[in-house]
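The lines below spell out each chain.
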Amino acid sequence: MQASEAGLPQLLVWRHPCPQAAQGRCIGQTDLAIDRRKVKRLAHRIRQAARRHGWPRVIHTSPLQRCARVGRQLRQWGWEHHVHPAVMEANFGAWDGLPWTQISHAEVDAWCARFATYSPGGGECLLDVFSRAATWLRAHQTSSAQPLLMVGHGGWMLAAQWVLTQEDAPTDARQWPRPAQYGECWALSTGPIQYRPVAPAIHK
């Protein structure tokens, strides 16, 4: 678990378990199936951590089943489950769900060169995801000592971390950090937002 920079974290995000048939594909909002055992395993870990630390039995997820099924499992155990479309993974448009081998190298190179403003597959650019993450984080800022608990997506988690700690968008793909491992928990503050957009998104 990564430590929060400013005291007690206000948002604890577990990356969802590894979904089925994701290997070698561009996966954003493609709603992949997930193994029931992996769902229960992560839900059990979250429940055990909440019991140990006295956290509220409330979980937030995206509607995609690789996150939402963990929330539904916890709901079966008496938790509240809140679903938020704003915390979905990035939308890769026409690329979404395709094997990377079917996406042209020229398009991938163009994306990497204009990493923040290029819209892969005609979907969302990174600035769009930053905007979604920042809006959700602002809406869920709280002075409570109790953290928010979430099951989230690797790309959204990186976007949330970025807008909380960086003022400027990355200029190319080499600046983009590695995502959390499947099932890994990150501890984030929900504010203040450091990122300041300087231009609207430029779509492909």
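All of the points below concern the structure found in this document. (Residues numbered from 1 in each chain as written. Predicted model: local features only at pLDDT ≥ 70, side-chain atom pairs only at ≥ 80, totals over all residues. Heavy atoms only, no water.)

### A closer look at the overall build of the protein
Argument step 1. Along the backbone of the protein there are 5 helices and 5 strands.
Argument step 2. Computed over C-alpha atoms, the radius of gyration of the protein comes to 17 Å, within 12% of the 17 Å expected from 2.2 N^0.38 for 204 residues, which places it in the range of a compact globule.
Argument step 3. Along the three orthogonal principal directions, the C-alpha set of the protein runs to about 50 × 35 × 25 Å.
Argument step 4. Looking at the 204 residues of the protein, the share that counts as buried comes to 50%.
Argument step 5. Contacts spanning at least 24 positions in sequence make up 76% of the contacts within the protein whose residues lie at least 6 apart. (Helix = DSSP H or I, 4+ residues; strand = E, 2+ residues; numbered from the N terminus. Rg over C-alpha atoms; globule rule 2.2 N^0.38 Å. Buried < 20%, exposed > 50% of the residue type's maximum accessible area, 1.4 Å probe, protein only. Contact = heavy atoms within 4.5 Å.)

### A closer look at the pattern of salt bridges
Argument step 1. Going through the model one piece at a time under the given rule, you end up with 3 salt bridges.
Argument step 2. Residues Arg37 and Asp35 are paired through a salt bridge, measuring 3.1 Å at the closest nitrogen-oxygen approach.
Argument step 3. The exposure class assigned to Arg37 is exposed, which follows from its relative accessible area of 57%.
Argument step 4. Classification of Asp35 as buried rests on a relative accessible area of 19%. (Salt bridge = Lys/Arg side-chain N within 4 Å of Asp/Glu carboxyl O.)

### Observations regarding the packing of helix α4 (residues 126-139) against helix α5 (residues 154-165)
Argument step 1. With their axes 9 Å apart at the nearest point, α4 and α5 run at an angle of 70° to one another. When the axis of α4 is compared with that of α5, the two are roughly perpendicular. Residues Val129, Phe130, Arg132, Ala133, Ala134, Trp136 and Leu137 of α4 form the contact with α5, whose participating residues are Trp156, Ala159, Ala160, Trp162, Val163 and Leu164.
Argument step 2. In terms of residue class, the contact of α4 with α5 is made up of 12 nonpolar, no polar and 1 charged. (Axes fitted to C-alpha atoms, helices over the stretch in contact; angles between N-to-C directions. Parallel < 35°, antiparallel > 145°, perpendicular 65-115°, else oblique. Nonpolar A, V, L, I, M, F, W, Y, C, P; charged D, E, K, R; others polar.)

### What to know about the sheet that holds strand β4 (residues 148-152)
Argument step 1. Strand order in the open sheet made by the 5 strands is β3-β2-β4-β1-β5, with mixed pairing throughout. The open sheet has two free edges, formed respectively by β3 (80-83) and β5 (185-188), since each of these has just one partner strand. Recorded for the sheet is a direction-independent mean angle of 25° between the axes of neighbouring strands.
Argument step 2. Two elements, strand β2 (residues 58-61) and β3, share 4 bridges in a ladder whose sense is parallel. Residue His60 lies in a different strand from β3, and its bridge partner there is His82.
Argument step 3. Relative to the sheet, helix α2 (residues 65-76) contacts β2, β3 and β4, its axis offset from that of β2 by approximately 160°.
Argument step 4. Against the sheet, α5 contacts β1 (11-15), β4 and β5, and its axis sits at roughly 25° relative to β5. (Pairing = 2+ DSSP bridges.)

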